[in-house]
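Listed here are the chains, written in short residue letters.
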Amino acid sequence: MRIATFTQTPFQQNTRIVSCEKTNTAICIDPGERSEVVESYIRSNDLNLLAIALTHGHLDHVGGTSALHSAFPDAEIIIHPDDEELYYSLQKQPLFMGIMPEQLAMLGLDYDEPPEITRSWEDGEVFAVGELRFSVRHCPGHTRGHVVLAELAQKVVFVGDCLFENSIGRTDLPGGDHEQLLDSIRRNILSLDEDVEVHSGHGPVTTVGRERTRNPFLNGLYEIGRGRYV
Ligand SMILES: [Zn+2]
Ligand SMILES: [Zn+2]
């Protein structure tokens with residue numbers, strides 16, 4: 001497995017190209033913006049882009065879908081059904097966040113109409129990319145349709161905005177639910193082996209074990225503050 005990370009957008013989102021070295025097939029996880037660097041990485045490594053694999057529908061994760069799909073029209077566009085509405089509302093999302101219409105172009109947030117979704121994630125499915133096997137896990141809480149993609153043989157999980165080093169995803173945006181997010185993280189991420197690498201949508205790579213013991217939202221510290229520690 002090869003992972004190339006491109007930190008993009010005003011939100012410093014980690015767009016990733018994950019490829020199977022034996023077959024040269026690849027997926028792009030969360031293309032945040034139109035990017036010639038990402039396109040030329042795919043072309044220069046002669047990769048067959050199988051899919052644009054979206055963890056969730058926020059603008060900093062899906063904003064580059066239209067451009068990437070125009071460049072590689074055979075690639076599937078995959079998102080969970082519960083985030084379809086968010087995905088199709090891409091052009092309105094910056095306005096929901098309080099960004100003024102006249103600022104959109106300057107910030108690179110003046111998006112094209114998002115292309116049609118071609119396939120939906122199903123919780124528990126296994127998605128093959130060459131010899132890689134991604135186990136798809138529905139993790140609502142940051143958004144309703146967030147998924148994480150775990151490649152268990154390679155000990156890697158791509159968690160989007162569910163979990164970050166020392167932090168967790170925000171839950172104040174539409175569809176967010178804090179308790180649900182904690183439950184999703186415990187069930188689908190912390191249950192993995194401690195040496196599994198965690199690749200987040202923002203910030204550095206961490207591990208399941210590190211977050212289990214040091215992340216204040218997950219190690220019990222946060223519960224003390226709420227008077228719920230037992
Ligand atoms: Zn997000
Ligand atoms: Zn994000």
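This report concerns the structure included in the present document. In this text the structure is predicted, and so the values were computed from the model without any measurement.

The rules we used
Residues numbered from 1 in each chain as written. Chains lettered and ligands numbered in written order. Predicted model: local features only at pLDDT ≥ 70, side-chain atom pairs only at ≥ 80, totals over all residues. Helix = DSSP H or I, 4+ residues; strand = E, 2+ residues; numbered from the N terminus. Rg over C-alpha atoms; globule rule 2.2 N^0.38 Å. Buried ≥ 20, exposed ≤ 12 C-beta atoms within 10 Å, placed from the backbone. Contact = placed C-beta atoms within 7 Å. Pairing = 2+ DSSP bridges. Core = buried A, V, L, I, M, F, W, Y, C linked by C-beta atoms within 7 Å. Axes fitted to C-alpha atoms, helices over the stretch in contact; angles between N-to-C directions. Arc of directions from axis to C-beta.

## Looking at the overall build of the protein chain
Helix and strand counts for the protein chain stand at 9 helices and 14 strands. The C-alpha radius of gyration computed for the protein chain amounts to 17 Å, which stays within 12% of the reference 17 Å derived for 230 residues, consistent with globular compactness. In terms of overall dimensions, the protein chain has a C-alpha envelope of 55 × 45 × 25 Å along the principal axes. A total of 230 residues make up the protein chain; the buried ones form 43% of that total. In the protein chain, 59% of the contacts between residues at least 6 apart in sequence involve partners at least 24 apart.

## Comments concerning the sheet that holds strand β14 (residues 206-207)
One open sheet holds the 6 strands; their spatial order is β7-β8-β9-β10-β13-β14, and the pairing between them is mixed. Of all strands in the sheet, those bounded by a partner on one side alone are β7 (126-129) and β14. Here β7 runs beside strand β8 (residues 132-138); their pairing, made up of 4 bridges, is antiparallel. Counterpart to V129 in the pairing with β8 is L132.

## Examining the nonpolar core
The biggest cluster of nonpolar side chains holds 53 residues, and the ones touching the most others in it are A26, I27, C28, V148, V157, C162 and I189. Broken down by element, the residue count for this core peaks at 5 residues, all from strand β4 (residues 48-53). Sequence-distant contacts of I27, that is, excluding residues within four places in its chain, are made with V18, L50, A51, A53 and V129.

## Looking at the sheet that holds strand β3 (residues 25-29)
A sheet is described by the order of its strands in space; here 6 strands give the open sequence β1-β2-β3-β4-β5-β6, paired in mixed fashion. Lying at the two open borders of the sheet, with one neighbouring strand each, are β1 (2-8) and β6 (119-120). As defined by bridge partners, β1 adjoins strand β2 (residues 13-19) across 7 bridges and the pair is classed as antiparallel. The residue of β2 that forms the bridge with A4 is I17. Set on the sheet, helix α1 (residues 36-44) makes contact with β1, β2, β3 and β4; between it and β2 the angle comes to about 10 degrees.

## Here's the deal with the pairing of strand β9 (residues 147-151)
For β9, the tally of buried residues reaches 5 of 5 residues, placing the bulk of the element in the interior. Of the two faces of β9, the one carrying V147, L149 and E151 and the one carrying V148 and A150 are both buried. Sheet analysis places β8 next to β9, joined by 4 bridges and oriented antiparallel. Across the sheet, the residue bridging to V136 is L149, located in β9.

## A short note on helix α7 (residues 178-188)
Among the residues of α7, those classed as buried are L181, S184, I185 and N188. The buried side chains of α7 occupy one side of the element, clustering within an arc of 95 degrees when seen end-on. Projecting away from the buried face of α7 at angles above 90 degrees are the exposed residues E179, R186 and R187.

## Concerning the environment of L47
The topology assignment puts L47 in the loop between α1 and β4. The residues touching L47, leaving out its near neighbours within four places in the chain, are S19, N24, A26 and I42.

## Remarks on unusual backbone geometry
At Q12, a position not held by glycine, the phi torsion is positive, near 55 degrees. Here Q12 lies in the loop between β1 and β2. Exposure remark for Q12: the 12 C-beta atoms within 10 Å place this residue in the exposed category. Even without glycine at this site, K155 takes up a positive phi of about 60 degrees. With respect to the element layout, K155 can be found in the loop between β9 and β10 (156-160).

## Comments concerning the environment of I52
By the element assignment, I52 lies in strand β4. Assessed through the 25 C-beta atoms surrounding it within 10 Å, I52 is described here as buried. Every residue in contact with I52, bar those within four places of it in the chain, is listed here: C28, P31, T65, L68, H69, A75, I77 and I78.

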